[in-house]
Protein chains: 6
Amino acid sequence: MGMLVTVYRKEHFNAAHRLYNPTWDDAKNKEVFGLCNNPNFHGHNYDLVVKVKGPVDPDTGYVINLKTLSTIIKAEVLDRYDHHNLNMDTDEFNPEKGGLIPTAENISVIIWQRLRKHLQENLQLTVILYETERNFVEYSGD
Amino acid sequence: MGMLVTVYRKEHFNAAHRLYNPTWDDAKNKEVFGLCNNPNFHGHNYDLVVKVKGPVDPDTGYVINLKTLSTIIKAEVLDRYDHHNLNMDTDEFNPEKGGLIPTAENISVIIWQRLRKHLQENLQLTVILYETERNFVEYSGD
Amino acid sequence: MGMLVTVYRKEHFNAAHRLYNPTWDDAKNKEVFGLCNNPNFHGHNYDLVVKVKGPVDPDTGYVINLKTLSTIIKAEVLDRYDHHNLNMDTDEFNPEKGGLIPTAENISVIIWQRLRKHLQENLQLTVILYETERNFVEYSGD
Amino acid sequence: MGMLVTVYRKEHFNAAHRLYNPTWDDAKNKEVFGLCNNPNFHGHNYDLVVKVKGPVDPDTGYVINLKTLSTIIKAEVLDRYDHHNLNMDTDEFNPEKGGLIPTAENISVIIWQRLRKHLQENLQLTVILYETERNFVEYSGD
Amino acid sequence: MGMLVTVYRKEHFNAAHRLYNPTWDDAKNKEVFGLCNNPNFHGHNYDLVVKVKGPVDPDTGYVINLKTLSTIIKAEVLDRYDHHNLNMDTDEFNPEKGGLIPTAENISVIIWQRLRKHLQENLQLTVILYETERNFVEYSGD
Amino acid sequence: MGMLVTVYRKEHFNAAHRLYNPTWDDAKNKEVFGLCNNPNFHGHNYDLVVKVKGPVDPDTGYVINLKTLSTIIKAEVLDRYDHHNLNMDTDEFNPEKGGLIPTAENISVIIWQRLRKHLQENLQLTVILYETERNFVEYSGD
């Protein structure tokens with residue numbers, strides 16, 4: 001078995017979203033979410049870094065072929081979220097249909113779950129999501 | 001009179017938008033604007049660089065006090081567009097109300113016009129707008 | 001209880017400093033600290049990344065509201081160090097008053113201590129401090 | 001003669017400075033320069049981009065050998081300003097000795113003058129100086 | 001006719017190259033080109049920024065559809081140079097076959113020529129090529 | 001003993017390489033390595049971040065003097081790989097001489113081994129290697 005190395009792949013998508021909790025009234029939503037609560041949505045250039053730790057295959061020198069990883073990210077994340085409205089175009093981020101509030105935290109958890117099922121069990125997965133250059137999050141399945 | 005120096009100030013806003021031309025049918029809109037035509041909007045972290053060229057004031061060593069410039073940008077651009085939907089929350093980018101299509105090109109022109117009126121006549125103004133790290137535009141009033 | 005996610009907030013301050021150990025003579029100070037020992041100070045644009053790991057609150061989708069975190073960082077770090085001389089304007093980095101030498105390592109430890117007391121016990125805190133793009137440090141309370 | 005191409009070289013220095021006009025009282029200095037007026041100095045990581053436009057030499061494929069340009073920048077700028085206090089360690093930025101106020105504007109003008117004399121007459125020189133990522137200036141000798 | 005706006009598109013390619021002038025002996029080549037003269041080649045991640053200035057089309061809000069521009073850059077530049085050896089895999093940068101020395105200057109000129117023929121005459125073209133973060137060049141057809 | 005802090009130093013080198021497994025035929029090499037298999041090599045600007053965790057020395061405020069660390073990195077990595085062809089100019093990355101395939105994973109492992117022997121035993125070492133902005137790896141000795 002090869003040495004344990006971590007590989008990272010950075011991808012990108014642009015999306016609109018809005019933060020609100022449908023069980024709260026407008027005043028409480030505004031107080032908690034501030035400008036992010038704007039009813040007509042706003043948007044971000046999301047930078048997504050996918051991190052996979054595992055043994056290096058001595059035949060390829062790869063932990064995982066990044067082309068394979070890229071294909072999985074495209075199918076599970078980019079095709080679904082890029083140039084979309086997270087609240088309106090998906091169920092998982094529509095709080096009125098039982099979805100999660102599309103904070104960076106929750107988006108990273110959902111992306112982790114969507115990618116996890118495609119990776120071999122001996123690989124550890126972490127998702128890092130930049131909402132802006134100054135606000136970002138990380139989720140490792142804990 | 002002082003030497004002619006150019007000063008730059010970088011600011012930031014996040015907004016949702018959608019590209020479409022209301023005089024075209026859906027097929028033509030989709031063909032020209034592709035993913036950017038998504039009816040439920042998508043969004044961006046816009047980086048805005050404002051560039052002002054003029055003489056250095058020998059008393060201050062400044063072309064323009066960047067705090068003053070920042071205050072103008074905040075009032076004219078950030079307070080108006082940050083965490084908003086350009087199509088729905090403004091008239092200037094609502095093509096159905098006679099506004100312009102909110103492409104980066106048109107946004108840079110409108111921002112230039114909004115800032116120009118606050119600057120002394122001897123100062124030259126350029127607006128650079130990053131829609132993404134890879135797509136950006138520049139307008140100098142030509 | 002929610003899933004464990006890490007959130008990051010990036011802030012910025014500009015400060016002057018000088019590295020020297022008052023128990024050493026000039027020659028030894030110069031040998032160890034080189035240019036950083038310049039008696040008239042030099043300075044940096046410090047980038048500060050504050051990292052907080054904890055459970056996601058299902059009502060807000062947040063680990064911690066980044067506005068709250070920003071307010072704490074402003075009060076404890078930016079208001080105190082931004083546009084100041086670390087050696088002359090503070091006691092904690094004045095080695096002649098028993099303070100620490102203001103290396104990036106020591107600054108990260110002091111910032112960690114100043115922030116730690118404001119966070120709930122179940123949150124883990126890490127401070128990352130960039131002195132330049134090429135020299136940076138990280139402290140997690142170990 | 002070769003085609004006209006512009007080459008850029010990016011360098012870096014760290015320095016302390018303070019903005020004040022010795023002909024004004026403290027209140028006026030504070031009002032104009034704000035935090036930058038702090039009497040004990042603050043500092044920056046200055047990024048310096050030197051831009052030279054001229055014909056490509058067909059024998060080398062170079063406008064100017066960047067190693068030569070680097071050596072000039074080191075001698076004229078880095079050795080003089082890096083890890084120094086602009087106000088205290090130089091005369092040109094000590095307003096009490098008739099020097100200029102060390103704003104980014106004035107620093108770019110002085111650097112331009114120091115570099116200009118080393119370049120052949122047919123080369124056009126521009127100096128771009130980043131005081132922070134968000135505040136920067138450019139001077140071309142106008 | 002619309003207002004004159006400049007649009008930028010950033011692309012990327014990785015290539016190997018070697019600088020040498022076949023009319024010189026080894027000593028002179030080493031003296032002029034230094035490490036870049038290594039006979040077994042070295043390589044770079046080239047960042048390419050293509051800049052097009054022209055009138056905004058009022059029907060689309062575009063100077064040029066960036067998808068069209070991207071397709072041209074892919075066909076003329078990326079498919080030809082990405083993951084290739086500029087000296088061995090092309091004639092234009094093989095000095096022994098009468099090609100140019102593959103300095104950043106010469107590469108920018110050739111890329112400009114390859115792109116120019118695909119653009120309408122009323123559009124002005126500039127090519128910016130980053131060989132590293134610290135060394136870059138610009139060519140506008142002069 | 002001081003507190004445990006992690007320090008990071010970022011360095012840079014440019015190199016050519018080619019991915020292939022000499023025990024496979026051409027078709028299999030092309031299938032697995034794609035464009036990276038180009039027989040004439042391609043190249044990268046490698047960014048290298050070296051991360052060292054250990055106690056802060058109370059006399060210096062340093063975990064390790066970054067000048068010392070830089071000197072080690074220069075001798076072991078930059079002097080050996082910068083402006084070289086990893087496959088042709090070294091044995092460790094020449095698969096035909098029993099070397100490893102020069103993937104980012106394998107390069108990070110070799111760099112880790114070359115640096116590890118120069119550091120005191122109580123220091124933990126991690127190597128992060130950026131092949132491009134979007135593809136990077138990390139190795140900690142596991």
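Check the entry above for the structure.
Each value, and the rule that gives it
Residues numbered from 1 in each chain as written. Chains lettered and ligands numbered in written order. Predicted model: local features only at pLDDT ≥ 70, side-chain atom pairs only at ≥ 80, totals over all residues. Heavy atoms only, no water. Axes fitted to C-alpha atoms, helices over the stretch in contact; angles between N-to-C directions. Helix = DSSP H or I, 4+ residues; strand = E, 2+ residues; numbered from the N terminus. Parallel < 35°, antiparallel > 145°, perpendicular 65-115°, else oblique. Left-handed = near helix turned anticlockwise from the far one by under 90°. Contact = heavy atoms within 4.5 Å. Nonpolar A, V, L, I, M, F, W, Y, C, P; charged D, E, K, R; others polar. Bend = angle between axes of the 7 residues up to and from the residue. Buried < 20%, exposed > 50% of the residue type's maximum accessible area, 1.4 Å probe, protein only. Polar contact = N/O pair within 3.5 Å; in protein donor to acceptor, adjacent residues only side chain to side chain. Least-squares fit on C-alpha atoms with pLDDT ≥ 70 in both.

Novice: What exactly am I supposed to notice about the packing of helix α2 (residues 66-81) of chain D against helix α4 (residues 104-116) of chain D here?
Specialist: For any two helices packed against each other, one specifies the crossing angle of their axes together with the interaxial distance. Residue and element names in this part refer to chain D. α4 packs onto α2 with a crossing angle of 140° between their chain directions and a minimal axis gap of 9 Å. Put simply, α2 runs oblique to α4. The interaxial crossing formed by α2 with α4 has right-handed handedness. Across the interface between the two elements, I72, I73, E76, V77, R80 and Y81 from α2 touch I110, I111, R114 and L115 from α4. Split by residue class, the contact of α2 with α4 holds seven nonpolar, no polar and three charged.

Novice: Before we go on, may I ask you to explain helix α2 (residues 66-81) of chain A in this structure?
Specialist: Note: α-helices contain 3.6 residues per turn, so residues at a spacing of three or four share the same orientation. The largest bend along α2(A) measures about 45° and falls at K74(A). Looking at α2(A), one finds that the buried residues are L66(A), L69(A), S70(A), I72(A), I73(A), E76(A), V77(A), L78(A) and Y81(A). Check the buried side of α2(A) and you find it contacts β1 (4-17), β2 (42-55), β3 (84-85), α3 (86-89) and α4 (104-116) of chain A together with β5 (135-139) of chain F. Two or three places before K67(A), at the opening of α2(A), N65(A) has a side-chain oxygen 3.0 Å from that residue's backbone nitrogen.

Novice: When you look at the relation of the copies chain C and chain A in this model, what are you seeing that I'm missing?
Specialist: In this structure, two copies of a chain are linked by a rotation about an axis accompanied by a shift along it. Screw-axis analysis of chain C against chain A gives a translation of 0.0 Å along the axis, an RMSD of 0.0 Å, and a rotation angle of 120°. Considering both components of the superposition, the chain copies are consistent with a three-fold axis. Using C-alpha coordinates, one finds that chain C approaches the rotation axis most closely at E133(C), a distance of 8.7 Å.

Novice: Teacher, can you tell me more about the relation of the copies chain C and chain D here?
Specialist: Mapping chain C onto chain D is achieved by rotating through 180° and translating by 0.0 Å along the same axis, at an RMSD of 0.0 Å. Interpreted geometrically, this transformation is the action of a two-fold axis. Of the interface residues in chain C, 100% have counterparts in chain D that sit at the interface too, so the contact is made through matching surfaces.

Novice: What am I meant to see in the side chain of N14(F) here?
Specialist: Mapped onto the fold, N14(F) is located in strand β1 (residues 4-17). For N14(F), a relative accessible area of 5% translates into the label buried. Residues contacting N14(F), with those up to four places away along its chain left out, are H42(E), G43(E), H44(E), T132(E), H44(F), N45(F), Y81(F), D82(F), H83(F) and H84(F).

Novice: Teacher, can you tell me more about the side chain of N106(F) here?
Specialist: Looking at the secondary structure, you find N106(F) in helix α4 (residues 104-116). Under the relative-accessibility criterion, N106(F) is labelled buried at 4%. A polar contact is formed between the side chain of N106(F) and the backbone oxygen of I101(F), at a distance of 2.8 Å. Among residues more than four places away in sequence, those in contact with N106(F) are V56(A), G61(A), F93(F), L100(F) and I101(F).

These figures come from the coordinates and say nothing about function on their own.
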